[in-house]
Amino acid sequence: EPEVTQTPSHQVTQMGQEVILRCVPISNHLYFYWYRQILGQKVEFLVSFYNNEISEKSEIFDDQFSVERPDGSNFTLKIRSTKLEDSAMYFCASRVGTISYEQYFGPGTRLTVT
Amino acid sequence: QQQVKQSPQSLIVQKGGIPIINCAYENTAFDYFPWYQQFPGKGPALLIAIRPDVSEKKEGRFTISFNKSAKQFSLHIMDSQPGDSATYFCAAAENYGGATNKLIFGTGTLLAVQP
């Protein structure tokens with residue numbers, strides 16, 4: 001069964017460093033998302049991406065964040081200068097298209113900023 | 001308005017019991033209501049979802065009940081098993097088929113099913 005994959009599973013970085021989180025969405029899906037989950041809290045929407053552009057972003061998704069689909073398979077989230085409060089699980093999700101709302105999540109990347 | 005309120009925060013049931021998790025919303029534009037199951041260290045897995053044109057949907061041991069007038073929906077797990085022990089999140093989205101359909105999640109319910 002096709003699934004969303006994410007790498008790395010765990011990333012440790014120092015405050016102020018740049019990180020890139022990688023995702024490979026399900027191959028025929030057209031809509032892509034990033035969510036984050038601070039330990040013990042609910043899952044929060046960050047950004048949605050369709051047709052090579054951001055379709056919506058949350059207040060969390062400030063100028064330090066960017067997303068990119070550099071090729072036909074990868075979808076990346078870049079945090080330019082990490083802060084301690086960026087420590088969280090980051091989940092990528094994808095959706096097939098307008099016929100369905102169903103979003104499928106990857107296993108997540110645990111980001112730890114020290 | 002964008003919030004989804006979920007209760008209880010945690011729930012303990014005996015094997016075979018029927019845990020019920022409730023969610024409520026305010027935004028009447030929401031038109032898709034999924035439930036996700038999450039095991040520790042894993043991503044949320046889509047369990048079952050409902051749209052507001054039906055009042056109930058059943059898939060296996062999982063049932064969603066939906067009350068449009070009360071703006072509430074709930075998850076029932078029939079014949080619960082220890083393997084069902086996980087965190088359950090309700091969510092909601094609006095604008096079916098649109099370019100965004102961001103999911104607004106509830107705060108989660110930690111379910112423990114005791115053998």
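Refer to the structure printed above.
What comes next is a walk through the structure. Predicted, not measured: the structure shown is a model, and the values here were computed from it. (Residues numbered from 1 in each chain as written. Chains lettered and ligands numbered in written order. Predicted model: local features only at pLDDT ≥ 70, side-chain atom pairs only at ≥ 80, totals over all residues. Heavy atoms only, no water.)

## Observations concerning the state of the cysteines
All names here are of chain A. In this structure the tally under the stated criterion is 2 disulfides over all chains. A disulfide bridge connects Cys23 with Cys92, and the sulfur atoms are separated by 1.9 Å. Here Cys23 and Cys92 share a disulfide; its torsion about the S-S bond, -60 degrees, makes the bridge left-handed. Here Cys23, found in strand 3 (residues 19-24), pairs with Cys92, found in strand 9 (residues 88-95); they are 69 residues apart in sequence, far enough to count as distant. Across the pair, exposure class does not vary: Cys23 and Cys92 are buried alike. (Disulfide = S-S within 2.5 Å. Helix = DSSP H or I, 4+ residues; strand = E, 2+ residues; numbered from the N terminus. Buried < 20%, exposed > 50% of the residue type's maximum accessible area, 1.4 Å probe, protein only.)

## Some details on the environment of A:Asp62
Residues and elements named next belong to chain A. Inspection of the secondary structure assignment puts Asp62 in the loop between strand 6 (53-57) and strand 7 (65-68). Each C-alpha atom of the pair Asp62 and Ser9 lies 24 Å from the other, and the pair is 53 residues apart in sequence. Side-chain polar atoms of Asp62 contact the backbone nitrogen of Gln64, separated by 2.9 Å. (Polar contact = N/O pair within 3.5 Å; in protein donor to acceptor, adjacent residues only side chain to side chain.)

## A closer look at the packing of aromatic side chains
The tally for this structure, following the rule as stated, stands at 23 aromatic pairs over all chains. Put simply, the rings of A:Tyr33, A:Tyr35, A:Phe45, A:Phe91, A:Phe105, B:Tyr36, B:Phe89 and B:Phe105 touch in pairs and so form one group of aromatic residues. Sitting over the ring of A:Tyr31, A:Arg95 keeps its end group 4.0 Å from the ring centre. (Phe/Tyr/Trp six-rings, centres within 6.5 Å; stacked < 30°, edge-to-face > 60°. Lys NZ or Arg CZ within 6 Å of the ring centre and 35° of its normal.)

## Overview of the pairing of strand 1 (residues 4-7) of chain B
All names here are of chain B. The alternating pattern of strand 1 places Val4 and Gln6 on a buried face, while none of Lys5 and Ser7, on the opposite face, is buried. Pairing between strand 1 and strand 3 (residues 20-25): 4 bridges, direction antiparallel. Along strand 3, the bridge assignment pairs Gln6 with Cys23. (Pairing = 2+ DSSP bridges.)

## Concerning the interface of chain A and chain B
Each side of the interface is counted separately: chain A has 24 residues, and chain B has 25 residues. The junction of chain A with chain B conceals about 1900 Å² of combined surface from both sides, 57% of it contributed by carbon and sulfur atoms. When the buried surface of chain A facing chain B is broken down by residue, A:Lys42, A:Tyr101 and A:Phe105 rank first, second and third, together holding 37% of it. The tally of links between chain A and chain B comes to 1 salt bridge. Between chain A and chain B we count 8 residue pairs in polar contact (both at pLDDT 80 or more) in total. The residue makeup of the side of chain A that touches chain B, split by class, is 12 nonpolar, 8 polar and 4 charged. (Contact = heavy atoms within 4.5 Å. Buried area = accessible area lost by both parts, 1.4 Å probe. Salt bridge = Lys/Arg side-chain N within 4 Å of Asp/Glu carboxyl O. Nonpolar A, V, L, I, M, F, W, Y, C, P; charged D, E, K, R; others polar.)

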